[in-house]
Amino acid sequence: MQSKKNLKRELILDTSFDLFLSKGYSNTKVVDIATKAGIGKGTVYEYFESKEAIVLELVNTRAKQDYMKVFDVVEKLPTCKEQLIQYLQMQMETTAKYTLNATDFRNEILRNNSEISTKIIEAIHSIIFLHFEFIYNVIKKGISSGEFKNLSPYMATVCFMGSINFYLGMLHHGEEYPETKMFRQVDSANGEESLLDFIFDGLLA
């Protein structure tokens, strides 16, 4: 059973998480978190020194859990191709969840040169690395089994993740780059299908 202190800490984290997703990082103040949680502003500071500190904890817990749960689902599928397809589908769902005000959050964190901002960036990078390692192992397994072509698993992973990340970036943040509008013809009905066809043309043996 959790102590009162732990329950209040989790309440602050849960409330902050909901507000950051719905209102955005910059538009959420500590007083907003306190009000929605039904506690005093000073109580929030008893648990976290700043709004940034709350974000760091959320990246290391809530966000990391969301991005890591894909592994448990994907690795149970029988073929490496199915694993990569499921990976993309789950990444699309998770990315969509965090898209609202994501640019605002990114700019705010990069603009703030504090030690906590650096730790937030490092935490995000650690999640990216874990995903790279996971996909690398899936592709390496597919190459070893003969399902995929005999190519560099490292370069194949770079191409796979690079393609997916750029596609998701354009899908969710394309309007930030109006100069690319003439090149973007994102069809939500088959965009990911076309991407996967392109990827597997290069991967499948």
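This text gives an overview of the structure that appears in the document. Since the structure is predicted, the reported quantities are computational estimates derived from the model, not experimental observations. (Residues numbered from 1 in each chain as written. Predicted model: local features only at pLDDT ≥ 70, side-chain atom pairs only at ≥ 80, totals over all residues. Heavy atoms only, no water.)

## Overview of the overall build of the chain
On a plain count of helices and strands, the chain comes out with 9 helices and 0 strands. Burial analysis of the chain (205 residues in total) assigns 40% to the buried set. Of the accessible surface of the chain, which amounts to about 11,900 Å², a share of 55% is contributed by carbon and sulfur atoms. (Helix = DSSP H or I, 4+ residues; strand = E, 2+ residues; numbered from the N terminus. Buried < 20%, exposed > 50% of the residue type's maximum accessible area, 1.4 Å probe, protein only. Areas by Shrake-Rupley, 256 points an atom, 1.4 Å probe, with all protein chains shown as cover.)

## What to know about the nonpolar core
Ranked by internal contacts, the top residues of the largest apolar core, which has 28 residues, are Ile12, Phe20, Val44, Phe48, Ile54 and Ile120. The set of elements that each furnish at least two residues to this core consists of helix 1 (4-23), helix 2 (30-37), helix 3 (41-47), helix 4 (51-74) and helix 7 (115-145). The leading source of residues in this core is helix 4, at 8 residues. Ignoring any residue separated from it by four or fewer positions in sequence, one finds Ile54 in contact with Ile12, Leu13, Ser16, Phe20, Ile33, Val44 and Phe48. (Core = buried A, V, L, I, M, F, W, Y, C linked by side-chain atoms within 4.5 Å. Contact = heavy atoms within 4.5 Å.)

## Focus on the environment of Lys69
Position of Lys69 among the secondary structure elements: in helix 4. A residue is classified by how much of its surface remains accessible, and Lys69, at 43% relative accessible area, is partly exposed. In this structure, the C-alpha to C-alpha distance between Lys69 and Met90, residues 21 residues apart in sequence, is 9.2 Å.

## Observations regarding a nonpolar patch on the surface
Taken together, the side chains of Tyr154, Met155 and Val158 make up a nonpolar region of the molecular surface, amounting to roughly 280 Å² of accessible area. Among the secondary structure elements, Val158 is positioned in helix 8 (residues 153-173). The class of Val158 is partly exposed, set by a relative accessible area of 33%. (Patch = residues over 30% accessible without salt bridge, like charges linked within 9 Å, V, L, I, M, F, W, Y side chains within 5 Å. Salt bridge = Lys/Arg side-chain N within 4 Å of Asp/Glu carboxyl O.)

## Considerations on the pattern of salt bridges
Applying the stated criterion to the full structure yields 6 salt bridges. Here Glu10 ties to Arg62 by a salt bridge, and the two come within 3.1 Å at their closest N and O atoms. Residue Glu10 is located in helix 1, and its partner Arg62 is located in helix 4; the two are separated by 52 residues in the primary sequence. Under the relative-accessibility criterion, Glu10 is labelled partly exposed at 26%.

## Focus on the environment of Glu193
Mapped onto the fold, Glu193 is located in helix 9 (residues 191-203). For the pair Glu193 and Ile85, spaced 108 residues apart in the sequence, the C-alpha separation amounts to 9.2 Å.

## Here we look at the packing of aromatic side chains
Applying the stated criterion across every chain, the model contains 4 aromatic pairs. Taking 6.1 Å as the distance between ring centres and 45 degrees as the angle between the ring planes, the aromatic pair formed by Tyr87 and Phe160 counts as tilted. Of this pair, Tyr87 sits in helix 5 (residues 80-99) while Phe160 sits in helix 8; the two residues are 73 residues apart in sequence, bridging distant segments of the chain. An identical accessibility class is assigned to Tyr87 and Phe160; each is buried. The side chain of Lys51 reaches across the aromatic face of Tyr25, ending 4.2 Å from its centre. Above the ring of Phe200, the side-chain terminus of Lys81 is found at 5.3 Å from the ring centroid. (Phe/Tyr/Trp six-rings, centres within 6.5 Å; stacked < 30°, edge-to-face > 60°. Lys NZ or Arg CZ within 6 Å of the ring centre and 35° of its normal.)

## Overview of the packing of helix 1 against helix 4
As a packed pair, helix 1 and helix 4 sit with axes 10 Å apart at the nearest point and diverge in direction by 85 degrees. Overall, the two elements helix 1 and helix 4 adopt an arrangement that is roughly perpendicular. Between helix 1, through Arg9, Glu10, Ile12, Leu13, Asp14, Ser16, Phe17 and Phe20, and helix 4, the contact on the second element is made entirely by Lys51, Ile54, Val55, Glu57, Leu58, Arg62 and Asp66. By residue class, the composition of the contact of helix 1 with helix 4 is 7 nonpolar, 1 polar and 7 charged. (Axes fitted to C-alpha atoms, helices over the stretch in contact; angles between N-to-C directions. Parallel < 35°, antiparallel > 145°, perpendicular 65-115°, else oblique. Nonpolar A, V, L, I, M, F, W, Y, C, P; charged D, E, K, R; others polar.)

## Overview of the packing of helix 1 against helix 2
At a minimum axis separation of 9 Å, helix 1 and helix 2 run at an interaxial angle of 120 degrees. As far as their axial angle goes, helix 2 and helix 1 are oblique. The crossing of helix 1 and helix 2 is right-handed. Contacts from Leu11, Ile12, Thr15, Ser16, Asp18, Leu19, Phe20 and Lys23 in helix 1 reach Asp32, Ile33, Lys36 and Ala37 in helix 2. Its residues assigned to classes, the contact of helix 1 with helix 2 shows 6 nonpolar, 2 polar and 4 charged. (Left-handed = near helix turned anticlockwise from the far one by under 90°.)

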